[in-house]
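Chain and residue survey
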Amino acid sequence: MSAGYAGLIVWDVDGTLIPADLRWLRRAVARTYAIAEDTVVFPTARVHGYTDESIVVDTALASGISPEIAENGVRGFHQELAHVMAEGEEELARDQPAYPGAAATIEALNARGFVQTVLTGNLRSAAEVKLRVTGLNLHLDLDIGAFGSDARDRFDLPDVIAKRFPTKYGNEFNPARTVVIGDAPNDIACARHAGFHVIVVTHRATRDDLTQHAPDAILDALQPASVVATAQALVAGTTGHRGH
C-alpha cells in the first residue's frame, strides 16, 4: 500500500457496530468458575469500554470468587468463551444483528480508500465470531487489530495496532491519520491517550454525556455519508471537537 491511503479507521465492536450483550460473558464466567448464571454479578462500573479479561476478574470478585481463584481462572475463561460463542452463533445472528448502517458505512469507507480494523475489549476469538456472524468482517483487517486477548488494559491496545500496521502495510504508522469510531467514554479516553481522532455514536450514551468527554464528533447513527465526511475531515485536519 502506498502512503496515499485515505487513513486508518479503528472500530470498537460492542455498542458501536453491534449492540452490546453481556449474555456471552455471563455464560463463560459461570462455566469458568462453576457457578450458576443467575449468581454472576457484573460490577456497576468497568464493564463497557473495558477488556474481557479485566471484566471477567472484576465480575468473579463481585460474584464472590476469591481474588486468587478469580485470577487463576482467566486462562480457562479464554477457552470457555470460545465454546460459548461457537455454540451461540445462531442465537447471536437472531438477537444481536449489526446496527443499521454499520455494514454500509464499512463498505463506504473501504470505497474511499480507508484501511479499517478494530480495537476492542473482546478476545479475538469472540470478536471474529461476532463480526463474521453479523456480516461485518469483509473489509476489516483483523490482522492489524487489537483485542482484549492482546492486553488487559485497553490503553495498551493502540500500541498493538501501531506495531502491526507497518508490518502489514509497510507504512510508518501515523496517529494523526487514525480515527477511532466508538460509543463510550472509555473509547474517547483510549483514543486521546494514543493521539488518535475519535468519533462517537449515540447508540448507548446520550449526546450530552458524550459531549462532556470532548470527542471530535458525535453522530446519532452510522450513516455512511456522515461518517465518511467526518473521517475525511479529521484526517485532513479540517475539523475537531464538534458534533453532528
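First things first, this report covers the structure right here in the doc. All of these numbers come straight from a predicted model, not from anything done at the bench. (Residues numbered from 1 in each chain as written. Predicted model: local features only at pLDDT ≥ 70, side-chain atom pairs only at ≥ 80, totals over all residues. Heavy atoms only, no water.)

1. Notes on empty space enclosed by the protein
All chains considered together, the criterion is met by two cavities of 30 Å³ or more. The volume enclosed by the second largest cavity comes to roughly 40 Å³. Lining the second largest cavity are Asp-12, Leu-119, Arg-154, Val-180, Asp-187, Cys-190 and Ala-191. Among the elements that make up the lining of the second largest cavity, the one with the highest residue count is helix H9 (residues 185-194) (three residues). The residue inventory of the lining of the second largest cavity, partitioned by class, reads four nonpolar, no polar and three charged. (1 Å grid on protein atoms, 1.4 Å probe; cavity = no way out; pocket = protein on both sides within 12 Å on 5 of 7 lines; lining within 4 Å. Points joined across faces, edges and corners; volume = space filled by probe spheres on them. Helix = DSSP H or I, 4+ residues; strand = E, 2+ residues; numbered from the N terminus. Nonpolar A, V, L, I, M, F, W, Y, C, P; charged D, E, K, R; others polar.)

2. Remarks on the packing of helix H2 (residues 52-62) against helix H4 (residues 74-87)
Across the interface, H2 lies against H4 with an axial gap of 11 Å and an inter-helix angle of 110°. As summarised for this structure, H2 and H4 are arranged roughly perpendicular, according to the angle between their axes. Our pair here, H2 against H4, has a crossing hand that is right-handed. Taken together, the residues of H4 that come into contact with H2 (itself represented by Asp-52, Glu-53, Val-56 and Val-57) are Val-74, Phe-77, His-78 and Leu-81. Its residues placed into classes, the contact of H2 with H4 shows five nonpolar, one polar and two charged. (Axes fitted to C-alpha atoms, helices over the stretch in contact; angles between N-to-C directions. Parallel < 35°, antiparallel > 145°, perpendicular 65-115°, else oblique. Left-handed = near helix turned anticlockwise from the far one by under 90°. Contact = heavy atoms within 4.5 Å.)

3. What to know about H9
What H9 keeps buried is the set Asn-186, Asp-187, Ile-188, Cys-190 and Ala-191. Check the buried side of H9 and you find it contacts helix H8 (157-169), strand S3 (178-182), strand S4 (197-201) and helix H10 (207-211). Trailing H9 by a residue or two, Gly-195 shows a phi angle of about 80°, which is positive. (Buried < 20%, exposed > 50% of the residue type's maximum accessible area, 1.4 Å probe, protein only.)

4. Quick word on the pairing of S3
Among the five residues that make up S3, five are buried, leaving the element largely enclosed by the rest of the structure. Across four bridges, strand S1 (residues 7-11) lies against S3 in parallel orientation. In the sheet register, Ile-9 faces S3, and the bridge partner there is Val-179. Pairing analysis gives four bridges linking S3 to S4, with the strands arranged parallel. When the sheet's bridge partners are listed, Ile-181 is paired in S4 with Ile-199. (Pairing = 2+ DSSP bridges.)

5. Observations regarding the pairing of strand S2 (residues 114-118)
Among the five residues of S2, five are classified as buried, and the element is accordingly described as predominantly covered. Judged by which residues are buried, S2 turns out to be covered on both faces: Phe-114, Gln-116 and Val-118 on one side and Val-115 and Thr-117 on the other are all buried. In the sheet, S1 pairs with S2 via five bridges, with the strands oriented parallel. Counterpart to Leu-8 in the pairing with S2 is Val-115.

6. A look at the packing of helix H6 (residues 102-111) against helix H11 (residues 224-236)
Each pair of packed helices can be summarised by the angle the axes make with each other and by the distance between the axes. At a minimum axis separation of 8 Å, H6 and H11 run at an interaxial angle of 40°. In terms of axis orientation, H6 runs oblique to H11. For H6 against H11, the interelement crossing comes out right-handed. Residues Ala-104, Thr-105, Ala-108 and Leu-109 of H6 form the contact with H11, whose participating residues are Pro-224, Val-227, Val-228 and Ala-231. Within the contact of H6 with H11, the residues separate by chemical class into seven nonpolar, one polar and no charged.

7. A look at the pattern of salt bridges
Side-chain pairs of opposite charge can arise where the charged atoms are in close proximity. What the rule picks out here adds up to 20 salt bridges. Arg-23 is the partner of Glu-91 in a salt bridge, and the nearest nitrogen-oxygen pair spans 2.6 Å. With a gap of 68 residues between them, Glu-91 in helix H5 (residues 89-95) and Arg-23 in helix H1 (residues 23-33) connect regions that are remote in the sequence. A relative accessible area of 22% means that Arg-23 is categorised as partly exposed. Members of the salt-bridge network, linked through shared partners, are Asp-21, Arg-23, Arg-27, Glu-91, Arg-94 and Asp-95. (Salt bridge = Lys/Arg side-chain N within 4 Å of Asp/Glu carboxyl O.)

8. What about the packing of aromatic side chains?
Applying the stated rule across the entire model yields four aromatic pairs. Ring centres 5.4 Å apart and planes at 45° place the aromatic pair Tyr-5 and Phe-165 in the tilted group. A residue pair is termed long-range when its members are at least 10 positions apart, and Tyr-5 in the segment before S1 and Phe-165 in helix H8 qualify at 160 residues. Assessed through its relative accessible area of 5%, Tyr-5 is described here as buried. Each ring, one from Phe-173 and one from Phe-196, has its centre 5.8 Å from the other, and the planes form 65°; the classification is edge-to-face. Of this pair, Phe-173 sits in the loop between H8 and S3 while Phe-196 sits in the loop between H9 and S4; the two residues are 23 residues apart in sequence, bridging distant segments of the chain. By relative accessible area, which is 13% here, Phe-173 ends up buried. Each member of the aromatic cluster is reached from another via a ring pair, and the members are Tyr-5, Phe-165, Tyr-169, Phe-173 and Phe-196. Over the ring of Tyr-5 we find Arg-177, and its NZ or CZ is 4.3 Å from the ring centre. (Phe/Tyr/Trp six-rings, centres within 6.5 Å; stacked < 30°, edge-to-face > 60°. Lys NZ or Arg CZ within 6 Å of the ring centre and 35° of its normal.)

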